[in-house]
Amino acid sequence: MMNYIWPLMIVISFVSSIITGRVPELSKAIIQGGQDAVELLIRLLSMLCLWGGVMEIAQQSGITKTLSRVMKPILKLIFPSLKKENYALEAISMNVTANVLGLGNAATPLGLESMRRLQQLNKNTEVASDEMVVFVVMNTAAMHIIPTTVATLRSQYGSENPMEIMPASILTSVCALGVGIAVAKIGNYLGRRKKK
Amino acid sequence: MNSLINTLGAWVLPLMVVAIVLFGLFKKIKVFDCFIQGAKSGALTVYELIPTLTGLVVAITMLKESGAMLLAAKLFSPLAAFLNIPEEIIPMSLISPISGGGSLSFFESILKENGPDSFLGRVGSVLMGSTDTTLYAVTVYYGAVLIKKTRHTLFAGLCADFTSFLLCSFFVNLTID
């Protein structure tokens, strides 16, 4: 996919820089972009190290497992068909827990494990199952409670209260997540009706 | 009420770090060794991000400087004006489903130019905190189990992103004075 999007971005930039008369700016951007990338990476490095370390402590001390037990009743509502498939549900709750804690690093490997388990229950292994659609949509939305990345950047740019956006951020995320899951479920419903 | 939420927000992160470390000690875990181990995997993730992020940030900086996003933003500006959404947020919300690094770089320039405590800075923060890279998740998750037909996943994910765009400034007005 990126093999199409990346060149498209470059071609579009070139064409629109001609339209808007910004070719000199574009030339500067190519050099500046590389430098920006490195700066961004250094900032990410400190953040991911710190957070990865704290998460590891949470994992080894069993906090994440306890949290996933708490999560299960809610997830059973979202995935009613997995009521008896504890094996898949456990991986999903670990993934959701990691997401809620804002640990993208941990969430991705746990999410892939969940996909593998869902694939074992899938009838046609080339087509996404209903549960997979809902699960991936949940992972495309932000589920975290604490917007760590945003708060870190805000404080680096001198915010007086980096965390003040937290309530608004949670409310927006919850609505977006709700809409995503609803659209996924409606699609599942329409798909089932079509089959009949 | 608002100041209470704000104070609470400032306390969450330190409290959580302290609680996790204390619980680790309580469970008799070598917390620092454990931290180092986790931090190492964090560092490796960044290492693997270097090429992708460099390639993308260059393309996105080009896109930004060429004025392309401003041309595209003009299409959406009537809708944004109707919903009281700052126009400057449109380029960021257009790129956020495609590239996390891209929206991050738009977000950073908003912080740099307007400050994090401006209305625009706050709306940008909320948008940044409430969206994730839809395309990336769809590609990686389905790629890992060799699913070819993703059905309505991408559409549903984009609906969620659009919801964030529509609601971010409304909730900023609601929760921060």
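Keep in mind it's a predicted model, so treat the numbers as computed, not measured. (Residues numbered from 1 in each chain as written. Chains lettered and ligands numbered in written order. Predicted model: local features only at pLDDT ≥ 70, side-chain atom pairs only at ≥ 80, totals over all residues. Heavy atoms only, no water.)

**Q** What is the right way to look at the overall build of chain A in this model?
**A** Each helix and strand in chain A was counted, giving 8 helices and 0 strands. Secondary structure elements of chain A, listed N to C terminal, follow the sequence α-α-α-α-α-α-α-α. For a compact globule of 196 residues, the expected C-alpha radius of gyration is about 16 Å, and chain A comes in at 21 Å, more than 25% above that figure. In chain A, which comprises 196 residues, the share counted as buried stands at 52%. Here the contacts in chain A between residues at least 6 apart in sequence split such that 57% fall between residues at least 24 apart. Carbon and sulfur atoms form 64% of the exposed surface of chain A, whose accessible area is close to 9,800 Å². (Helix = DSSP H or I, 4+ residues; strand = E, 2+ residues; numbered from the N terminus. Rg over C-alpha atoms; globule rule 2.2 N^0.38 Å. Buried < 20%, exposed > 50% of the residue type's maximum accessible area, 1.4 Å probe, protein only. Contact = heavy atoms within 4.5 Å. Areas by Shrake-Rupley, 256 points an atom, 1.4 Å probe, with all protein chains shown as cover.)

**Q** What is the right way to look at the side chain of A:S13 in this model?
**A** Assignment of secondary structure puts A:S13 in helix 1 (residues 2-20). Look at A:S13 and you get buried, because its relative accessible area is 0%. Of note is the side chain of A:S13, whose polar atom sits 2.4 Å from the backbone oxygen of A:M9. Not counting the four nearest positions on each side in its chain, A:S13 is found in contact with A:L26, B:A59, B:M62, B:L63 and B:S66. (Polar contact = N/O pair within 3.5 Å; in protein donor to acceptor, adjacent residues only side chain to side chain.)

**Q** Looking at this structure, I do not really get helix 4 (residues 86-100) of chain A. What am I missing?
**A** For the α-helix, the turn length of 3.6 residues means that residues three or four positions removed from each other point alike. All names here are of chain A. Compared with an ideal rise of 1.5 Å per residue, which puts 15 residues at 21 Å, helix 4 spans 20 Å between its outermost C-alpha atoms and is within 8% of the ideal. Most of helix 4 sits out of view: 12 of its 15 residues are buried. All buried positions along helix 4 are accounted for by A88, L89, A91, I92, S93, M94, N95, V96, T97, A98, N99 and V100. (Expected span 1.5 Å × (residues − 1).)

**Q** I'm lost on unusual backbone geometry in this one. Help?
**A** In most cases, non-glycine residues show a negative phi, while peptide bonds are predominantly trans. Residue and element names in this part refer to chain B. At K28, a position not held by glycine, the phi torsion is positive, near 55°. Note on placement: K28 falls in the loop between helix 1 (2-26) and helix 2 (31-65). Taking the relative accessible area as the measure of exposure, K28 reaches 76% and is therefore exposed. The phi dihedral of L146 is positive, around 60°, even though this residue is not glycine. Position of L146 among the secondary structure elements: in the loop between helix 7 (134-144) and helix 8 (153-175).

**Q** In this structure, what is going on with the interface of chain B and chain A? I would like to understand it.
**A** Frequently, the measure chosen for interface size is the accessible area removed from exposure when the parts meet. Residue-level contacts link 92 residues of chain B with 94 residues of chain A. When residues of chain B are sorted by the area they lose upon contact with chain A, B:M62, B:Y141 and B:R151 head the list and together hold 9% of the total. At the junction of chain B with chain A, the criterion picks out 5 salt bridges. Listed by contribution, the elements that provide at least two residues to the side of chain B that touches chain A are helix 1, helix 2, helix 3 (68-82), helix 5 (100-114), helix 6 (119-130), helix 7 and helix 8 of chain B. In terms of residues, the side of chain B that touches chain A owes the most to one element, helix 2 of chain B, which gives 24 residues. Residue composition of the side of chain B that touches chain A, grouped by class: 55 nonpolar, 26 polar and 11 charged. (Buried area = accessible area lost by both parts, 1.4 Å probe. Salt bridge = Lys/Arg side-chain N within 4 Å of Asp/Glu carboxyl O. Nonpolar A, V, L, I, M, F, W, Y, C, P; charged D, E, K, R; others polar.)

**Q** Is there a simple way to explain the confidence of the model for chain A in this structure?
**A** Low pLDDT marks stretches whose predicted atomic positions should not be read closely. Mean pLDDT over chain A: 86, with 96% of residues reaching 70 or higher. Here helix 5 (residues 104-121) of chain A stands out as the element of chain A with the lowest mean pLDDT, 81, in contrast to helix 6 (residues 130-140) of chain A, whose mean of 95 is the highest. (pLDDT = per-residue confidence, 0-100.)

**Q** Looking at this structure, I do not really get the pattern of salt bridges. What am I missing?
**A** Tallied over the full model, the rule gives 9 salt bridges over all chains. Measuring nitrogen to oxygen at the nearest pair gives 3.1 Å for the salt bridge that ties B:K148 to A:E126. Highlighted residues: B:K148 in the loop between helix 7 and helix 8 and A:E126 in the loop between helix 5 and helix 6, drawn from two different chains. Across the salt bridge formed by B:R122 and A:E164, the nearest N and O atoms sit 2.7 Å from each other. On the criterion of chain membership, the pair formed by B:R122 in helix 6 and A:E164 in the loop between helix 7 (148-156) and helix 8 (166-195) is interchain, its members lying in two chains. Judged by its relative accessible area of 6%, A:E164 is buried. Linked through salt bridges whose partners overlap, the residues forming this network are A:R154, A:E164, B:D117 and B:R122.

**Q** Help me understand the side chain of A:T140, please; the structure alone is not making it clear to me.
**A** Along the chain, the position of A:T140 falls in helix 6. Reaching out from A:T140, the side chain makes a polar contact with the backbone oxygen of A:V137 at a distance of 2.8 Å.

**Q** Is there a simple way to think about the packing of aromatic side chains in this case?
**A** Geometry of an aromatic ring pair is reported as the spacing of the ring centres plus the angle between the planes. Residue and element names in this part refer to chain B. The full count for this structure, using the stated rule, is 5 aromatic pairs over all chains. With a centroid separation of 6.2 Å and an interplanar angle of 15°, the aromatic rings of F32 and F35 are classed as stacked. With F32 and F35 both in helix 2, this residue pair falls 3 residues apart, about one helical turn. Note on F170 and F171: the rings are 5.2 Å apart at their centroids and 55° apart in plane angle, and the pair reads as tilted. A relative accessible area of 47% means that F170 is categorised as partly exposed. Overall, F171 belongs to the buried group, its relative accessible area being 8%. (Phe/Tyr/Trp six-rings, centres within 6.5 Å; stacked < 30°, edge-to-face > 60°.)

**Q** Sorry, what's going on with a nonpolar patch on the surface here?
**A** Side chains of A:V11, A:F14, A:V15, A:I18, A:I19, A:V23 and B:L71 sit close together on the surface and give an oily, nonpolar patch of about 630 Å² of accessible area. Among the elements that take part in the nonpolar patch, helix 1 of chain A stands out by supplying 5 residues, more than any other. With respect to the element layout, A:I18 can be found in helix 1. In this structure A:I18 comes out as exposed when scored by relative accessible area, which is 52%. (Patch = residues over 30% accessible without salt bridge, like charges linked within 9 Å, V, L, I, M, F, W, Y side chains within 5 Å.)

**Q** Please explain the packing of helix 7 of chain A against helix 5 of chain B as it appears in this structure.
**A** A packed helix pair is summarised by two numbers, namely the angle formed by the two axes and the spacing between the axes. Look at helix 7 of chain A against helix 5 of chain B: their axes get within 10 Å of each other, and the N-to-C directions meet at 35°. Here helix 7 of chain A and helix 5 of chain B pass one another in a crossing that is right-handed. Together, A:T149, A:V150, A:L153 and A:R154 of helix 7 of chain A and B:L104, B:F107, B:E108 and B:L111 of helix 5 of chain B make up the contact between the two elements. (Axes fitted to C-alpha atoms, helices over the stretch in contact; angles between N-to-C directions. Left-handed = near helix turned anticlockwise from the far one by under 90°.)

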